[in-house]
Amino acid sequence: MNVLIIYAHPNLHSFNRAILEVVEATLHERGHTTQVHDLYQMQFRCILDDEDLLRNWRGVLSDDVQREQEAVRWAQGLVLIYPIWWFGPPAILKGWIDRVFTRKFAFDINASGMQGLLTHERALILNTLGGDEAIYQKERWHELLVRPIAEGVLGACGVRNVGYQAFYQVLSVSRTERQAMLDKVRTLAAGF
Ligand SMILES: Cc1cc2nc3c(=O)[nH]c(=O)nc-3n(C[C@H](O)[C@H](O)[C@H](O)COP(=O)(O)O)c2cc1C
């Protein structure tokens, strides 16, 4: 399978980077082909501005958006790796979605509502958090992390088979616990 990995973390030595490395290596071991789009390294312009809206309306997309759409089209699988910042993805990833998932490309709207146009076989979302899982479960905050992206974005655009895994308290857990998290990442990527 061709797998596009969208990665959003600015620090080259972060735990998210370790997750990315495990995902890439595991997918290669399993015979998949990958492309990594490291949004910070690419300095992806992440603000959907008036010119973008006009371009979308006219159907003349900018070169950077076209390149991203080509990569999305190339893939049968998508992996999104990012830390949770204020209950959501870093702005650079939100902006990537805003600019790249345009009407007629990712979805369309007709009399019966919104139709997803993406045909990916599956997607996997991997998040890290500073927070405590027990509190997120008790307050049902975990739903605020997964549903907007898995249902509101990917599901709405036609990708139904979406796996999700959050890793909590990554800033404070022991080395052994972090290693167990990376082992879990390996298992998830191996099942892709
Ligand atoms: C701007 C910002 C916002 C954050 N918001 C949250 C949050 O809403 N919930 C949470 O549990 N952790 C939050 N954190 C903590 C990050 O999720 C945590 O630092 C990150 O997952 C650690 O992974 P890393 O070592 O790869 O950076 C936030 C961190 C930053 C910098």
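Calculation rules
- Each residue is numbered by its place in its chain's sequence as written, counting from 1.
- Local features in this predicted model are restricted to residues of pLDDT 70 or higher, and side-chain atom pairs are both shown and tallied only at a pLDDT of 80 or more, whereas totals for entire chains, interfaces and linings draw on every residue.
- Side-chain metrics in this entry use all non-hydrogen atoms of the structure; hydrogen atoms and water are not considered.
- If a single non-hydrogen atom of a residue is within 4 Å of a molecule or strand, that residue counts as near it.
- In the analysis that follows, any N or O atom pair within 3.5 Å is treated as a polar contact, provided that within protein one partner can donate a hydrogen and the other can accept it, and provided that, for residues neighboring in sequence, both atoms belong to side chains.
- Using a 1.4 Å probe, accessible areas were evaluated by the Shrake-Rupley method; residue-level cover was limited to the displayed protein chains.
- Side-chain classes follow a simple rule in which Ala, Val, Leu, Ile, Met, Phe, Trp, Tyr, Cys and Pro form the nonpolar group, Asp, Glu, Lys and Arg form the charged group, and the remainder, Gly included, forms the polar group.
- Only DSSP runs of H or I reaching four residues or more are called helices, and only runs of E reaching two or more are called strands; each is numbered from the N terminus.
- We call two residues contacting when some pair of their heavy atoms lies within 4.5 Å.

Requested: an account of the site of the ligand, with residues and values cited.
Around the ligand, a shell composed of 16 residues is seen, among which His9, Ile84, Trp86, Thr128 and Tyr136 lie nearest. Backbone polar atom of phenylalanine 15 to an oxygen atom of the ligand: 3.1 Å apart, as the coordinates give it. Note that an oxygen atom of the ligand is positioned 2.7 Å from one of the backbone N or O atoms of isoleucine 84. Relative to its unbound accessible area of 640 Å², the ligand is 73% covered by the protein chains. Class assignment for the residues of the shell around the ligand results in ten nonpolar, six polar and no charged.

Help me get a handle on helix α2 (residues 50-58), residues and values and all.
Put simply, aspartate 49 is the residue that caps the front of α2, since its side-chain oxygen is 3.2 Å from the backbone nitrogen of glutamate 51. Note on α2: the residue one or two positions beyond its end, glycine 59, has a positive phi of about 75°.

Let's hear about the side chain of arginine 99: which residues, and what values?
Mapped onto the elements of the fold, arginine 99 is located in helix α4 (residues 91-100). Side-chain polar atoms of arginine 99 contact the side chain of aspartate 64, separated by 2.9 Å. What arginine 99 contacts, discounting residues up to four positions off in sequence, is Phe44, Arg45, Cys46, Ile47, Leu48, Asp52, Ser62, Asp64 and Val65.

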